[in-house]
Amino acid sequence: MSEGILLVDDDKSLNELLSQYLTSAGFEAASVTSGEKAISMLQSDSNFDLLVVDVMMPGITGLELLPIVQSRWNIPVIMLTGRGEDIDRILGLEMGADDYLAKPCNPRELLARIKAVLRRSGEVKTEVAASIELHGICVDSGSRQASIGEDSLTLTTAEFDVLNELMKNAGAVVSREDLTRRVLHRELTPYDRSVDVHVSRVRTALRKHFEDRDLIVTVRGVGYQFAK
Amino acid sequence: MLLIGISVLWLETEYKSRFSEFEVSERYSNLANYIVQGYELGIDLSRNQIRRREGSGNIEGRNDTLVILDVLNDRVVYGDREWLELQNRRVDIMFRAANSGNFYRMNVAIPPLRSPLPDLASPMSFGIALCTSLLYSWFFTLVLTRPITRLKSHVQLLGRGGNLDQKLEAKLMSRRDEIGDLASSIDEMSEYIQELLNSKQRLLFDVSHELRAPLARMQVAAGIVRAEAESIGSDISMHDRVEHEVESLNALISELLLLAKTENGGIDRQIVSLPKELNDVVDDMKFWAKGRIITPHFNIESADVEISIQLLDRVVKNLVENALKYSEGEVCVYLDEEGSEWIIRVEDSGDGIPDDQLEAMFQPFTRLQSESVEGFGLGLSIAIRAAQTVGGTLSLENRSEGGLRATLRLPKN
C-alpha cells in the first residue's frame with residue numbers, strides 16, 4: 001500500500017501540481033488549502049503518513065497547525081518556509097517539525113525529504129532495542145523514550161535521533177554532514193539549517209534539567225559534541 | 001562683532017584727537033567774547049540771542065555745551081555748571097576778556113552729537129558695546145542661524161537617505177516668518193518623496209511576492225515533465241536547464257524581496273553580539289567555501305549592537321562571498337572599534353575594483369564584468385541599505401597593498 005501525504009498550502013494550483021507529481025512518484029497525495037481544512041480532514045481520515053505544511057497561510061498558520069497535528073495525530077511534518085526570509089525566525093521559534101524546506105523548492109528536493117522522513121519513521125519500528133545512559137539521561141532506542149530520572153523528555157522523532165546519535169558518540173565531534181545523513185537520511189545542502197534547529201530543540205529540552213551547563217557543545221565550523 | 005567694537009573705538013579716538021583744544025578755542029572764542037562783553041556791560045543776554053549767534057557761528061552744538069565762569073568772582077557767566085561737570089569729556093580754557101582784561105574760563109563739553117557714533121570713550125562703554133554686540137550675535141544666532149542650521153541638518157539627513165518620516169521640530173514649523181515657510185515647504189517635499197519611495201517599495205515588494213506563486217507552480221510543472229521524460233529514458237539536459245533557470249529566478253526574487261524589506265526598514269531588530277555573529281558567519285562560509293582561508297581578526301571581545309541578525313548575517317556573508325568570488329587568496333575579517341562606532345572590515349587580495357566604479361557598485365544590478373561569477377548585483381545594494389537602516393555606513397576602497405577592503409561601520413548605540 002502506498003503512503004498517504006497531505007499537502008497543506010493556500011495555493012490551490014500548486015497543490016494540484018504537487019499532488020500530481022507525488023502521485024506519479026508513487027504516493028497517495030491529497031491536498032487542502034487551509035489549516036482549518038487540514039484539521040477537519042485529519043479528523044475524518046487520519047490515515048496519512050506525512051504532512052507537508054506551508055508556514056504562511058491565512059487563518060491557522062503552519063506554525064499554529066504543527067503542535068496540533070503533533071499532539072493529536074503524531075504524524076511527521078515537513079514545513080515549507082519562505083526562502084531566505086523565515087529560516088532564521090524559525091530557528092528562533094524552534095518549531096519541532098521533522099524537516100524544513102525553503103519554498104519555492106525543487107519538487108525533487110521535496111520528494112527526497114519526504115522519502116527520508118518516511119524512511120526514518122519506518123525504521124523506528126524495526127530498530128534494535130538498545131539503551132544508553134549518561135549524565136543521568138537515559139535514551140532507549142527500543143521504546144524511543146528519553147528520560148532524566150523520573151521525568152521523560154518530550155522530543156520529536158528527529159530530536160530523539162539527534163540526542164541518540166550524539167550520545168552514542170559522546171566525547172567525539174559529530175559533523176553536521178554526518179548528523180544530517182544519519183538523522184535526516186539525506187545530504188546536507190548549502191544554507192540548510194534543519195539539523196541545527198533539531199539540535200537547538202534538544203538543547204532547550206536538556207537545559208531544563210542542566211541549567212548550569214550545556215551538554216551539547218557546538219564545535220565551530222565542524223559540528224556538535226556531547227559531553228562525556 | 002568684536003571687529004565692529006574695535007573699529008568704533010578707533011573712530012572715536014580719531015574723532016577725539018581731531019576735536020582738539022585748539023579747535024574748541026577757535027570755534028568758541030568769538031561766542032565767548034561776545035557773552036563776556038555783555039556780562040561786563042551788565043546786559044543780560046537772552047538765551048535766544050546767544051542761540052542765534054551760536055547757530056550763525058556754525059557751531060553745531062547743544063545750547064548748554066558752553067559754560068563760562070568769571071574766575072575773579074567765581075560766578076557762572078553763562079551755562080549750567082553742574083551739567084557740564086557731568087560730561088566726561090570737556091575742554092577747559094582760560095582766557096582774558098578783550099575789553100577788561102579780566103580772567104574767564106571757558107568750558108566746552110565736546111558735543112556728543114558731533115560724533116557719528118555713540119560715546120565710547122571709557123573702557124566701560126567699550127564693554128557695553130562689546131556686550132551689546134555679543135547680545136546681538138546671540139540674538140541673531142537664536143533667531144536666524146540656529147533654525148537655519150537645524151533645517152540644514154534635517155535636509156542633509158534627507159539627502160543621505162535618512163528617515164523621511166521624521167518631522168521637523170514643531171518649533172520651526174510654527175514660525176510665522178520666512179524660516180517657518182521654508183520649514184513647511186521642506187516638510188511637504190519630504191512627505192512627497194516619502195510617498196514616492198513608499199509606492200516604489202510597495203511595487204517592488206508586491207511584484208516580487210506575486211511572482212513567487214507562479215514560479216513555484218512552474219517549478220513543479222517542470223519537475224513533472226522532467227520525471228516523465230526520465231521515465232521513458234529521453235534526454236533530460238534541457239529539463240535540467242529549465243530547472244536551473246527557475247532556481248536562478250527564485251534566488252533573484254528572494255534578493256529583491258529582501259531589498260524591498262530592507263528599504264522599508266521592516267525587519268525585526270534585536271541585541272546582537274558582533275564577535276559571536278561574525279564567528280558564526282566565518283564558520284558558515286568556511287564550511288561552504290572548502291579549501292579557502294578565511295581568517296577572523298577580532299580586536300574586541302564584546303560588542304553589542306541592535307540590528308536584525310538576519311540582515312547582519314546577510315551583509316557580512318555578502319561581503320565575504322564577494323571577497324571569495326573575486327579573489328583567490330586569503331580573506332580577512334576584522335572587528336575593531338573607533339570612537340562611537342564598531343568597524344567590520346573584510347579584505348581580500350584580488351584585483352579590486354576600478355576607482356571610478358566603486359560608488360556604482362552600490363546601485364542595484366551593478367556587477368563587475370566577470371563571466372565566471374554568478375550573481376545579480378543586488379548584494380551590495382542590500383548591504384548598504386541594511387547599514388543605513390541602523391545608522392551605519394558601508395564603503396569600498398582599493399587597498400594600497402592590492403585587493404579590496406569593504407568597511408562596515410555600525411553605531412554603538
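Computed from a predicted structure; not experimentally measured. (Residues numbered from 1 in each chain as written. Chains lettered and ligands numbered in written order. Predicted model: local features only at pLDDT ≥ 70, side-chain atom pairs only at ≥ 80, totals over all residues. Heavy atoms only, no water.)

Our next topic: the interface of chain A and chain B. Contact residues are listed per partner, giving 27 residues for chain A and 29 residues for chain B. Put simply, chain A and chain B have two salt bridges between them. Here aspartate 11 of chain A makes a salt bridge to arginine 217 of chain B, at a shortest N to O gap of 2.7 Å. Contributing elements (two or more residues each) for the side of chain A that touches chain B: helix H1 (12–24), helix H5 (107–126) and helix H7 (176–184) of chain A. Counting residues per element, the side of chain A that touches chain B draws most heavily on H1 of chain A, which supplies six residues. Among the residues forming the side of chain A that touches chain B, the class breakdown is 10 nonpolar, seven polar and 10 charged. (Contact = heavy atoms within 4.5 Å. Salt bridge = Lys/Arg side-chain N within 4 Å of Asp/Glu carboxyl O. Helix = DSSP H or I, 4+ residues; strand = E, 2+ residues; numbered from the N terminus. Nonpolar A, V, L, I, M, F, W, Y, C, P; charged D, E, K, R; others polar.)

Residues and elements named next belong to chain B. Between helix H5 (residues 123–159) and helix H7 (residues 178–231), the least distance of the axes is 11 Å, while the angle of their chain directions is 10°. Taken as axis vectors, H5 and H7 run roughly parallel relative to one another. Residues Val143, Leu144, Pro147, Ile148, Leu151, His154, Val155 and Leu158 of H5 touch H7, and the partners they reach there are Ile179, Leu182, Ala183, Ile186 and Ser190. Residue composition of the contact of H5 with H7, by class: 11 nonpolar, two polar and no charged. (Axes fitted to C-alpha atoms, helices over the stretch in contact; angles between N-to-C directions. Parallel < 35°, antiparallel > 145°, perpendicular 65-115°, else oblique.)

Scored by pLDDT, chain B has a mean of 79; 83% of the residues are at 70 or more. In the model of chain B, helix H3 (residues 47–56) of chain B stands out as the element of lowest mean pLDDT, 61, in contrast to strand E9 (residues 341–347) of chain B, which has the highest, 93. (pLDDT = per-residue confidence, 0-100.)

Further remarks concern a nonpolar patch on the surface. Residues Leu135, Tyr136, Trp138, Phe139, Phe140, Leu142, Leu144 and Ile148 of chain B make up a contiguous nonpolar surface patch of roughly 820 Å² in combined accessible area. Judged by its relative accessible area of 56%, leucine 135 of chain B falls in the exposed class. (Patch = residues over 30% accessible without salt bridge, like charges linked within 9 Å, V, L, I, M, F, W, Y side chains within 5 Å. Areas by Shrake-Rupley, 256 points an atom, 1.4 Å probe, with all protein chains shown as cover. Buried < 20%, exposed > 50% of the residue type's maximum accessible area, 1.4 Å probe, protein only.)

This structure, assessed with the given rule, holds 34 salt bridges over all chains. Residue arginine 108 of chain A is joined to glutamate 243 of chain B by a salt bridge in which the shortest nitrogen-to-oxygen separation is 2.1 Å. Of this pair, arginine 108 of chain A sits in helix H5 while glutamate 243 of chain B sits in helix H8 (residues 237–264), on two different chains. By relative accessible area, arginine 108 of chain A is classed as partly exposed at 35%. A salt bridge links aspartate 313 of chain B to lysine 317 of chain B, with the nearest nitrogen and oxygen atoms 3.9 Å apart. Pair noted here: aspartate 313 of chain B and lysine 317 of chain B are both in helix H10 (residues 309–325), with a separation of four residues, about one helical turn.

Turning to H1 of chain A, a few remarks are in order. Residue and element names in this part refer to chain A. Here H1 contains 13 residues, and its C-alpha end-to-end distance of 18 Å stays within 8% of the 18 Å for a straight helix at 1.5 Å per residue. Where H1 begins, the capping side chain belongs to aspartate 11, and its oxygen is found 3.3 Å from the backbone nitrogen of serine 13. Positive phi shows up at glycine 26, right after H1, with a value of about 100°. (Expected span 1.5 Å × (residues − 1). Polar contact = N/O pair within 3.5 Å; in protein donor to acceptor, adjacent residues only side chain to side chain.)

Below, the discussion takes up the environment of threonine 61 of chain A. Summarising the element assignment, threonine 61 of chain A is placed in the loop between strand E3 (50–54) and helix H3 (62–72). C-alpha separation for the pair threonine 61 of chain A and glycine 35 of chain A, spaced 26 residues apart in sequence, amounts to 6.4 Å.

Strand pairing in a sheet is mediated by backbone hydrogen bonds. Such pairs are either parallel or antiparallel. Residue and element names in this part refer to chain A. If you walk across this open sheet you meet the three strands as E10-E12-E11, and the pairing is antiparallel. One side of each edge strand has no neighbouring strand; the edge strands of this open sheet are strand E10 (173–175) and strand E11 (216–219). Going across the sheet, the axis of each strand differs from the next one's by a mean of 30°, ignoring polarity. Bridge count between E10 and strand E12 (residues 223–226): three bridges; the pairing is antiparallel. Across the sheet, valine 173 pairs through a bridge with glutamine 225, a residue of E12. Helix-sheet contacts for H7 involve E10 and E12, and the interaxial angle to E10 is about 70°. (Pairing = 2+ DSSP bridges.)

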